[in-house]
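Observations on the model geometry
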Number of protein chains: 2
Amino acid sequence: MPAGYQEVTPDLIEALRAAVPGRVSVGGEVNEDFSHDEMPIYGKAMPPVVVEAKTTEEVAAVMRLCNEARVPVVPRGAGTGLVGGAVATHGGVMLSTARMNRILGYDPENMVVRVQAGVLLNDLAEDAAKQGFLYPPDPGEKFATLGGNAATNAGGMRAVKYGTTRDYVRAMTVVLPTGEVLQLGASVSKSSSGYSLLNLMIGSEGTLGVITELTLKLIPAPKEVISLVVLYEDLEACIGSVPKLMRSGLQPQALEFMEREIVRLSESYLGKSTFPQVFEGTEVNAYLLVTFDGESEDALTDLIEQASEVVLEAGALDVLVADTPQLKKDAWAARSTFLEAISANTKLLDESDVVVPVNEIANYLGYIKQIAGGYDFEVKSFGHAGDGNLHIYNCSNTMEQAEFERQVADFMRKAYAKATELGGQISGEHGIGHGKRQYLASMAGPEVMRLMAGIKRVFDPNGILNPGKVCGE
Amino acid sequence: MPAGYQEVTPDLIEALRAAVPGRVSVGGEVNEDFSHDEMPIYGKAMPPVVVEAKTTEEVAAVMRLCNEARVPVVPRGAGTGLVGGAVATHGGVMLSTARMNRILGYDPENMVVRVQAGVLLNDLAEDAAKQGFLYPPDPGEKFATLGGNAATNAGGMRAVKYGTTRDYVRAMTVVLPTGEVLQLGASVSKSSSGYSLLNLMIGSEGTLGVITELTLKLIPAPKEVISLVVLYEDLEACIGSVPKLMRSGLQPQALEFMEREIVRLSESYLGKSTFPQVFEGTEVNAYLLVTFDGESEDALTDLIEQASEVVLEAGALDVLVADTPQLKKDAWAARSTFLEAISANTKLLDESDVVVPVNEIANYLGYIKQIAGGYDFEVKSFGHAGDGNLHIYNCSNTMEQAEFERQVADFMRKAYAKATELGGQISGEHGIGHGKRQYLASMAGPEVMRLMAGIKRVFDPNGILNPGKVCGE
């Protein structure tokens, strides 16, 4: 392992100010927002210095200076992560890409767009739509940066049809910890030209290099989109219909399951009720929210008819078609507001985003409910039914923080062990960061962790880039 | 770098025979087929020992023994590669996975299949079809192993709609050079759980580990498939219509371009003429072969009408619908026979499979034709129009081999430099192996090569696994 890290010196600050004039904050000038991400339970830390770069050259200069000085650097996009990945746990310099927010240009013939890493997902989505394109990845958090999305291989609602961020990153400009600038990948869709450093960089959470530009694949925007709300008496029937829908070849764009309680919470937060609670005298306890896209209204009508047949045969109570823009908006608003609604109502919050095989979702949630009774916090869950990616929240308004953390650690150990046993993975889309390292190490085993640490040393011999994250000490 | 490799000793042979009883060939027992792949111009080498493993445990035992003895190991599937990747250039032990040919089981609810690495693509394709599934990757060579497909990230005809092998490998069992057995990935479709060693292994051409089992994603088999042959007066019009077709959202499953000369060669090899040579008095000089799939005949009829409109507006002479099984078979037979037809007619053959942006294909082929005149060999090309992956053949029946190799090296240097200049990559699907190392190094640059070599050392500290390939000396 590298020798100890050094503190930021006045000389280094002076050199950083010369390299990035007017965009270096030090000590008391640093905004408190930079001390945490959206899951502050993993610990806050004020970075001694924040640099807000605007170009690849500035990022390279910062990395060169900090590498020479052996000072840790933590890259940060919009700070919307949920695993403490962009928190300066080891002090040093926080390198913000938030001002690298230019869409550099579309190449309509090759259907790609080039962006700076700090462009927000929402900004690209809106801009691409104006050009007749869809950027398919659609994580719940629309105000994350695209650089952050690539660094965590963000997934989201549409992954069931369109895949995750990995599937849309064709090329990137990345600055190594030494300050070297690399171009990885190309705008082409196929490559077998040596080890895929591009795919290694995707999901490496800012520990191997700082992504400064991305070339992203776009697709022609589907002409029509429609959503269904499917009602079930219980979760088993709801989840049981998912593999049947997937086998049908109807290719839903999104396929989310929700239980009664979390829908009520979200609706009460929004002050608007959209999801029926009773159907013909039967209590509705679970919902599927399904979206289809297609090239014409006729094609979609056809898809909806076939999908309704599949889910009704699989035990659904009823199918509601959200065929007006308002209905669709309301249905998705309830789903999109879950985290916000939970956060607003909760003092102490922790979360996991395990992924299990689709046909094990009900089994896994049964296990979670069974163990949840043994703890003083509440457990709330929802998730992506089409790909088995579950968001499980631990919430308390009454516990002491130390006791909450102790109990959550015990809960998570069990929850991750069960996910691993069922053939799942620690994280579907949020990553490992600082908060999930020990669980990754348990799941992956010492040999995989040794390989990851070895790769880290190849890219970052002095260990200065985002230390303590993913496979770091 | 590791110390020098050791020769195979009688002790090692004895230990290998104990580990893999009855399936170790030595010296004169070794079949000549093991001395080369399908592009012998890169040099033949008889391996001193061939081991035909049947299980992961046997592979692990072989690796442990050879690692301890510092003897090189070359993993080999069906030997259908085109870049000398599975040739024992450094002597040692050839480890064949050809007998690891069992389909281990389908998981229809999660739509995955588990196979041993030596299962042939064609065998899985046929078997999956019986289960109502499609395994989308469709490289021209149907008798390659799936392990080899993963090791080279093989692409093929359907990549334009469905992506390459990388997009279908959910998990693998891999044996490290030290004999350690790792499980990478899971049957789930989403993961953000540390560096993607799975994606690093895909496309690493047997230099980082030996793939012994794969969990592959399947999709529901499309109900209907239909092909079109589109006629053009010249290549420019042909290639020019491709981005328009891609933008249309009609999602062809395959999109191949062919020039007059190579179609005639193939038809004369097959003894059957399928592609019209003249349309209403105009000579046909270029063709697009387009395939669509869909859920119903009506949906396909609709797609074909729209596609015909797009290509006719873009300058096509005519569109022929291959709407009978025989017509479709004949059209694709001509395309699939290119390599065979060229090989049958050629004494000295070399090849490249560069990939360039889709809108640069015509420009690039113009350049190739322009420089081709300066050499004594013939140049023939065809390729995947939907993804810019071009197969360019150098053929001679009259040149001396040394002079052929000298001229080809000069041609390739120029051809790869031009591809790189246009934003392309060295290889779209064949890989780097032994034959393309110098071109990869020129394109990627010293820093990327340093990272690849560093990664290689992390996985293979003694450098015994497939030495001299990709980034090896």
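Described below are features of the structure shown in this document.

**Section: the overall build of chain A**
- For chain A, the count of helices and strands is 14 helices and 20 strands.
- Taking the principal axes of the C-alpha coordinates as reference, chain A spans close to 75 × 55 × 45 Å.
- Across the 473 residues that make up chain A, the buried fraction comes to 62%.
- Long-range pairs, those at least 24 residues apart, make up 74% of the contacts in chain A between residues at least 6 apart in sequence.
- Within the structure as shown, chain A displays about 17100 Å² of accessible surface, and the carbon and sulfur contribution to it stands at 48%.
- In chain A, 40 side chains carry a positive charge and 61 a negative one; their mean positions are 5 Å apart.

**Thoughts on unusual backbone geometry**
- If you check the backbone angles, Met111(A) has positive phi at about 55° while not being a glycine.
- Among the secondary structure elements, Met111(A) is positioned in the loop between strand S5 (103–107) and strand S6 (112–116).
- Assessed through its relative accessible area of 9%, Met111(A) is described here as buried.
- In the Ramachandran plot, Val470(B) falls in the positive-phi region, its phi being about 60° despite a non-glycine side chain.
- Considering the arrangement of structural elements, one finds Val470(B) in the segment after helix H14 (437–459).

**Quick notes on the environment of Leu82(A)**
Residue and element names in this part refer to chain A.
- If you trace the backbone, Leu-82 turns up in the loop between strand S3 (73–76) and strand S4 (93–96).
- Spatially, the C-alpha atoms of Leu-82 and Met-39 are 4.9 Å apart, while their sequence positions differ by 43 residues.
- Leave out the neighbours within four places in its chain, and Leu-82 touches Asp-37, Glu-38, Met-39, Tyr-42, Leu-339, Glu-351 and His-430.

**Focus on the relation of the copies chain A and chain B**
- For these two chains of identical sequence, chain A goes onto chain B by a turn of 180° and a shift of 0.0 Å along the axis, with RMSD 0.0 Å. Here the copies are linked by what is in effect a two-fold axis.
- Taken as a fraction of all interface residues of chain A, those also at the interface in chain B reach 100%, which identifies the copy contact as same-surface.

**Some points on the pattern of salt bridges**
- In the structure shown here, the tally under the stated rule is 44 salt bridges over all chains.
- A salt bridge links Glu32(A) to Lys44(A); the nearest nitrogen and oxygen atoms lie 3.5 Å apart. Of this pair, Glu32(A) sits in the loop between strand S1 (24–26) and strand S2 (49–52) while Lys44(A) is found in the loop between S1 and S2, placing the two residues 12 residues apart along the sequence.
- Taken together, the shared-partner salt bridges connect Lys190(A), Asp387(B) and Glu429(B) into one network.

**Some remarks on the sheet that holds strand S10 (residues 210–217) of chain A**
Residues and elements named next belong to chain A.
- Across the sheet, which stays open at both edges, the five strands sit in the order S5-S6-S10-S8-S9 with antiparallel pairing between neighbours. The sheet is open, and its two edges are formed by S5 and strand S9 (181–185), each paired on a single side. Each strand axis lies, on average, 15° off the axis of its neighbour in the sheet, ignoring direction.
- Those strands touched by helix H3 (residues 121–130) are S5, S6 and S10, and its axis lies near 35° from that of S5.

**With respect to the nonpolar core**
- In terms of nonpolar packing, the biggest core is built from 251 residues, with Leu288(A), Phe459(A), Leu288(B) and Phe459(B) touching the most fellow members.
- Non-local contacts of Leu288(A), meaning those with residues more than four positions away in its chain, are made with Leu228(A), Val229(A), Val230(A), Tyr232(A), Cys238(A), Ser241(A), Val242(A), Leu245(A), Leu255(A), Glu256(A), Phe257(A) and Ala385(A).
- Listed in part, the 23 residues of the second largest apolar core include Leu12(A), Ile13(A), Val62(A) and Leu465(A).

**A short note on helix H3 (residues 121–130) of chain B**
All names here are of chain B.
- Among the residues making up H3, those that are buried are Leu-121, Asn-122, Leu-124 and Ala-128. What you see down the axis of H3 is that its buried residues fit within an arc of 165°, all on one side.
- Elements in contact with the buried residues of H3: strand S5 (103–107), strand S6 (112–116), strand S7 (133–134), helix H4 (146–152) and strand S10 (210–217).
- Following H3 by one or two positions, Gly-132 has its phi on the positive side, about 85°.

**Topic: the packing of aromatic side chains**
- Going through the model one piece at a time under the given rule, you end up with 18 aromatic pairs over all chains.
- Taken together, a centroid distance of 5.9 Å and an interplanar angle of 80° make the contact between Phe377(B) and Phe404(B) edge-to-face. Separated by 27 residues along the polypeptide, Phe377(B) in the loop between helix H12 (361–372) and strand S19 (378–384) and Phe404(B) in helix H13 (residues 401–421) bring together distant segments of the chain.
- For Phe404(B), a relative accessible area of 1% translates into the label buried.
- An aromatic cluster is built from Tyr375(A), Phe377(A), Phe404(A) and Phe411(A), whose rings are joined through pairwise contacts.
- In this arrangement the basic side chain of Lys418(B) is found over the ring face of Tyr367(B), its NZ or CZ atom lying 5.0 Å from the centre.

**Overview of the sheet that holds strand S3 (residues 73–76) of chain B**
Residue and element names in this part refer to chain B.
- Reading across from one edge, S1-S2-S4-S3 is the order of the four strands in this open sheet, with mixed pairing throughout. Every interior strand has two partners, whereas the edge strands, strand S1 (24–26) and S3, have only one. Direction aside, the axes of adjacent strands within the sheet are offset by 20° on average.
- Pairing analysis gives four bridges linking strand S2 (residues 49–52) to strand S4 (residues 93–96), with the strands arranged parallel. The residue of S4 that forms the bridge with Val-51 is Leu-95.
- Relative to the sheet, helix H1 (residues 10–19) contacts S1, S2 and S4, its axis offset from that of S1 by approximately 155°.
- Helix H2 (residues 56–69) contacts S2, S3 and S4 of the sheet and is inclined by roughly 165° relative to S4.

**Some thoughts on the pairing of strand S13 (residues 254–259) of chain B**
Residues and elements named next belong to chain B.
- Of all six residues making up S13, six are buried, and the element is well covered by its neighbours.
- Pairing analysis gives six bridges linking S13 to strand S16 (residues 286–294), with the strands arranged antiparallel. Bridge pairing links Phe-257 to Leu-288 in S16.
- Relative to S19, S13 runs antiparallel, the two being bridged by two bridges. Paired with Phe-257 across the bridge in S19 is Gly-383.

**Some points on the interface of chain A and chain B**
- Taken together, the contact between chain A and chain B spans 79 residues of the former and 79 residues of the latter.
- Regarding the contact of chain A and chain B, the summed buried area is about 5900 Å², with carbon and sulfur atoms giving 58% of it.
- The three residues of chain A that bury the most area against chain B are Lys190(A), Tyr195(A) and Arg247(A), which together make up 17% of that side's buried surface.
- Scanning the region where chain A abuts chain B turns up four salt bridges.
- Residues Lys190(B) and Asp387(A) are paired through a salt bridge, measuring 3.4 Å at the closest nitrogen-oxygen approach.

Definitions and limits used
- Residues numbered from 1 in each chain as written.
- Chains lettered and ligands numbered in written order.
- Predicted model: local features only at pLDDT ≥ 70, side-chain atom pairs only at ≥ 80, totals over all residues.
- Heavy atoms only, no water.
- Helix = DSSP H or I, 4+ residues; strand = E, 2+ residues; numbered from the N terminus.
- Buried < 20%, exposed > 50% of the residue type's maximum accessible area, 1.4 Å probe, protein only.
- Contact = heavy atoms within 4.5 Å.
- Areas by Shrake-Rupley, 256 points an atom, 1.4 Å probe, with all protein chains shown as cover.
- Lys, Arg positive; Asp, Glu negative; His and termini not counted.
- Charge placed at Lys NZ, Arg CZ, Asp CG, Glu CD.
- Least-squares fit on C-alpha atoms with pLDDT ≥ 70 in both.
- Salt bridge = Lys/Arg side-chain N within 4 Å of Asp/Glu carboxyl O.
- Pairing = 2+ DSSP bridges.
- Axes fitted to C-alpha atoms, helices over the stretch in contact; angles between N-to-C directions.
- Core = buried A, V, L, I, M, F, W, Y, C linked by side-chain atoms within 4.5 Å.
- Arc of directions from axis to C-beta.
- Phe/Tyr/Trp six-rings, centres within 6.5 Å; stacked < 30°, edge-to-face > 60°.
- Lys NZ or Arg CZ within 6 Å of the ring centre and 35° of its normal.
- Buried area = accessible area lost by both parts, 1.4 Å probe.

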